[in-house]
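# Secondary and tertiary structure notes
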Amino acid sequence: MQHATSPEGENSCDQPPPSSTLTVEQNPSTGVLSSVAARLPEVADWSDWRWQVRNRVRRVSQLKTLFPDLDIAGVAEATARFPMAITPYYASLIQRCDNTDPIFRMSVPQMEELIEPVCLSDDPLEEDADMPIPGLVHRYTDRALLIATTMCSMYCRHCTRKRVAGHRESGITPARLKQVTRYLTEHPEIHDVIVSGGDPFTLPTQALESILSAIRSVPTVDIIRVGTRTPVVMPMRITDELVTMLRRYHPVYVNTHFNHPAELTPAAVEACTRLADAGIPMGNQTVLLKGVNDDPVVMETLCRGLVRMRVRPYYMFQCDLVRGVEHFRTPLTRGIEIMEYLRGRLSGLAIPSFVVDAPHGGGKIPVSPNYIVSMSPTHTVLRNFEGMLVAYPEPGLHGRGGTVGRQASDESAPGVWELSSGNYSKIQPQNTVRHARRQRGIPEQRQGELTL
Ligand SMILES: *Cc1c(COP(=O)(O)O)cnc(C)c1O
Ligand code: SF4
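Residues numbered from 1 in each chain as written. Chains lettered and ligands numbered in written order. Predicted model: local features only at pLDDT ≥ 70, side-chain atom pairs only at ≥ 80, totals over all residues. Heavy atoms only, no water.

### Quick notes on the site of ligand 2
If you check the shell around ligand 2, you find Cys152, Met154, Tyr155, Cys156, Cys159, Gly198, Arg229 and His257 and nothing else. Across the shell around ligand 2, the residue classes tally to 5 nonpolar, 2 polar and 1 charged. (Near = heavy atom within 4 Å. Nonpolar A, V, L, I, M, F, W, Y, C, P; charged D, E, K, R; others polar.)

In structure tokens form, the structure reads like this:
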């Protein structure tokens, strides 16, 4: 009885889900509004990940039973187009059965998935064109991404691989894995292999181990990364057995995919603690999603929560131009606005890089607010998060200024030109918290003399 994929290929996940009625009620073990299969004797297995996989919500009829008030217009069509699966655990995090609930929005199919503007396509990153072996994307010189399975425990409505995830649920075959290993051996420039999918943690531990050990057998591979949403949607999968296996293939990194503070549950914290305690550095890749996390304060709360869980915010992605995600897309300006808010306010450790994964397979391009205000041959004028302007002089300037023959036109009113020409070194806003703190002064301390 194996409900996740096997390396042999097709698995048994398409068996009919239990006909039981999942009901919404308070789950004493999680303390949140929970949907539990109360009428199943198996409900005692809530914390068994195989039970979670077996009891995924896969049909509109189950959804209707779970959420009687649900407006199912269009849901069936969307589900026919892009498969649905929601673990009971993830469904239990839903507080409101409508689109204003971020968990609902990320997991329950919507009619809007059928909107098809011309700019969207199934494979906007042109991954298929960068596969020397089916399933192995070799885009950047030194790293490659392996689609190890097409299965996920939950099918995110905003998934960037909607063309792949869940249409069949199968893992990489041993023959294919051999081809991949050969390719890695023949390409010693590849130092970093990202095991992705689908979600590799839906694989049985042994199947995942064969993949990791095959990759590890290539001496030129330095690090292995696993990209997974399991700690978010099925945290009980992060068992001692799994982490004991993972640590045999160190250095192993895990990149996870938390999008909203409501996902930072005690169970998710426990899963991340297990991974961190096994010496696995974790990064988080969040996707900017309209109505979910396109808000500076929500993003701040998420990032602060993640570092507390020893998960380093790594990327914040602009939504890809994938067919079926139009209703999640935000203007690029929203991401820049959020980055503007985070910088200076949060620990640098808690701030992700905002990236656009470029259409046509251009790869990830960092996008950020502008901090360079002006440049001259001698000085670069920068601004900080408060709006302070500073001049950074190039090396080799031995005078105060540097731009020969230039004079500030009016010394009492410096502007950007006076900074870039070296006549002034800063323009400081007077109404910041930091400025006020400095004005109050630090008692008994003089410039340049630090006495502790
Ligand atoms: C994102 C990605 C990587 C990894 O990129 P990093 O910036 O190193 O995280 C590698 N290959 C492909 C195809 C990717 O999409
Ligand atoms: S877990 Fe990842 S691959 Fe699977 S549906 Fe979600 S975003 Fe897509």
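### Details of the sheet that holds strand β10 (residues 353–358)
Spatially, 9 strands are ordered β3-β4-β5-β6-β7-β8-β9-β10-β11 in an open sheet, and the strand pairing comes out mixed. For this open sheet the edge positions go to β3 (136–137) and β11 (363–366), each flanked by a neighbour on one side alone. In the sheet, strand β6 (residues 223–227) pairs with strand β7 (residues 252–256) via 4 bridges, with the strands oriented parallel. Each residue of the ladder has a partner; that of Arg225, found in β7, is Tyr253. Contacts between helix α12 (residues 332–342) and the sheet are confined to β9 (311–317) and β10, with β10 contributing the most and set at about 160° to the helix. (Pairing = 2+ DSSP bridges. Helix = DSSP H or I, 4+ residues; strand = E, 2+ residues; numbered from the N terminus. Contact = heavy atoms within 4.5 Å. Axes fitted to C-alpha atoms, helices over the stretch in contact; angles between N-to-C directions.)

### Examining the pattern of salt bridges
Enumeration over the complete set of coordinates arrives at 26 salt bridges. Residues Arg58 and Glu169 are paired through a salt bridge, measuring 3.6 Å at the closest nitrogen-oxygen approach. Of this pair, Arg58 sits in the loop between α1 (49–54) and α2 (60–66) while Glu169 sits in the loop between β4 (143–147) and α6 (174–186), and the two are 111 residues apart along the sequence. What makes Arg58 buried here is its relative accessible area of 18%. (Salt bridge = Lys/Arg side-chain N within 4 Å of Asp/Glu carboxyl O. Buried < 20%, exposed > 50% of the residue type's maximum accessible area, 1.4 Å probe, protein only.)

### Looking at the pairing of β6
Judged by how many residues are buried, β6 sits mostly within the fold: 4 of 5 residues are covered. Once you follow strand β5 (residues 192–196) into helix α7 (residues 205–216) and on to β6, the crossover reads as right-handed. (Right-handed = clockwise from strand over helix to strand, strands pointing away.)

### A closer look at helix α10 (residues 266–277)
Under the 1.5 Å per step criterion, the end-to-end length of α10 is 16 Å for 12 residues, consistent within 8% with the ideal 16 Å. Each element contacted by the buried residues of α10 is listed here: α4 (88–91), α8 (230–233), α9 (240–246), β8 (282–287) and β9. Just downstream of α10 lies Gly279, where phi reads positive at about 80°. (Expected span 1.5 Å × (residues − 1).)

### A look at the site of ligand 1
Around ligand 1, the neighbouring residues are Val137, Tyr140, Arg143, Leu145, Ile194, Arg225, Tyr314, Tyr315 and Lys364. Within the side chain of Tyr314, an N or O atom sits 2.6 Å from an oxygen atom of ligand 1. Contacts to ligand 1 include Lys364, whose side-chain N or O atom sits 3.1 Å from an oxygen atom. Considering ligand 1 on its own, with 380 Å² of exposed area, one finds that the protein chains cover 91% of that surface. (Polar contact = N/O pair within 3.5 Å; in protein donor to acceptor, adjacent residues only side chain to side chain. Areas by Shrake-Rupley, 256 points an atom, 1.4 Å probe, with all protein chains shown as cover.)

### Some remarks on the packing of aromatic side chains
The geometry of an aromatic ring pair is captured by the separation of the ring centres together with the interplanar angle, meaning the angle of the planes. Applying the stated criterion across every chain yields a total of 4 aromatic pairs. Plain terms: the ring middles of Phe67 and Phe104 are 6.2 Å apart, the flat faces sit at 65° to each other, and that makes the pair edge-to-face. Of this pair, Phe67 sits in the loop between α2 and α3 (75–81) while Phe104 sits in helix α5 (residues 102–107), and the two are 37 residues apart along the sequence. Assessed through its relative accessible area of 4%, Phe67 is described here as buried. With a centroid separation of 4.1 Å and 35° between ring planes, the pair formed by Tyr314 and Tyr315 is classed as tilted. Tyr314 gets classed as partly exposed once you look at its relative accessible area, which sits at 29%. The structure contains a cluster of three or more aromatic residues connected by ring pairs, namely Tyr314, Tyr315 and Phe317. Here Lys162 stacks its cationic end above the ring of Phe82, 4.4 Å away from the centre of that ring. One cation-aromatic arrangement involves Arg237 over Trp49; the distance from NZ or CZ to the ring centre is 4.1 Å. (Phe/Tyr/Trp six-rings, centres within 6.5 Å; stacked < 30°, edge-to-face > 60°. Lys NZ or Arg CZ within 6 Å of the ring centre and 35° of its normal.)

### Overview of the side chain of Thr79
For Thr79, the location among the structural elements is in helix α3. Given a relative accessible area of 14%, Thr79 falls into the buried group. Those residues in contact with Thr79, other than ones at most four positions away along the chain, are Arg58, Val60, Met84 and Pro109.

### Things to note about the nonpolar core
General note: in soluble globular proteins, nonpolar side chains tend to be found buried as a group. With 100 residues, the main nonpolar core has Leu63, Ile86, Tyr90, Ile211, Ile215 and Leu246 as its most contacted residues. The leading source of residues in this core is α7, at 6 residues. In terms of domain composition, this core takes at least three residues from each of domain 1 (19–114) and domain 2 (128–366). In this structure Ile86 touches Asn55, Arg56, Val57, Leu63, Ala91, Ser107, Val108, Ser153 and Met154, once residues within four positions along its chain are discounted. (Core = buried A, V, L, I, M, F, W, Y, C linked by side-chain atoms within 4.5 Å. Domains from an automatic or database assignment.)

### Notes on the sheet that holds strand β15 (residues 426–427)
Where strands meet in a sheet, backbone hydrogen bonds hold them as pairs that are either parallel or antiparallel. With antiparallel pairing, 4 strands are arranged side by side in an open sheet as β12-β13-β14-β15. The open sheet has two edge strands with one neighbour each: β12 (372–375) and β15. When strand β13 (residues 379–383) meets strand β14 (residues 389–393), the two strands line up antiparallel, connected through 5 bridges. Of the residues in β14, the one forming a bridge with Thr380 is Tyr392.

### Some points on the confidence of the model for the protein
On average, residues of the protein score 88 in pLDDT, and 86% of them reach the 70 mark or higher. Note on residues 1–41: pLDDT under 50 across the span, and 110 contacts to partners over four residues away in sequence or across chains. Predicted confidence for residues 402–406 stays below pLDDT 50, and this span has 10 contacts to residues more than four positions away or in other chains. (pLDDT = per-residue confidence, 0-100.)

### Some words on the pairing of β5
Among the 5 residues that make up β5, 5 are buried, leaving the element largely enclosed by the rest of the structure. Covered by surrounding structure in β5 are Asp192, Ile194 and Ser196 together with Val193 and Val195, the residues of both alternating faces. The sheet contact formed by β4 and β5 spans 5 bridges and is parallel. Paired with Arg143 across the bridge in β5 is Asp192. As paired elements, β5 and β6 share 4 bridges and run parallel to each other. Counted as the bridge partner of Asp192 is Ile223 from β6.

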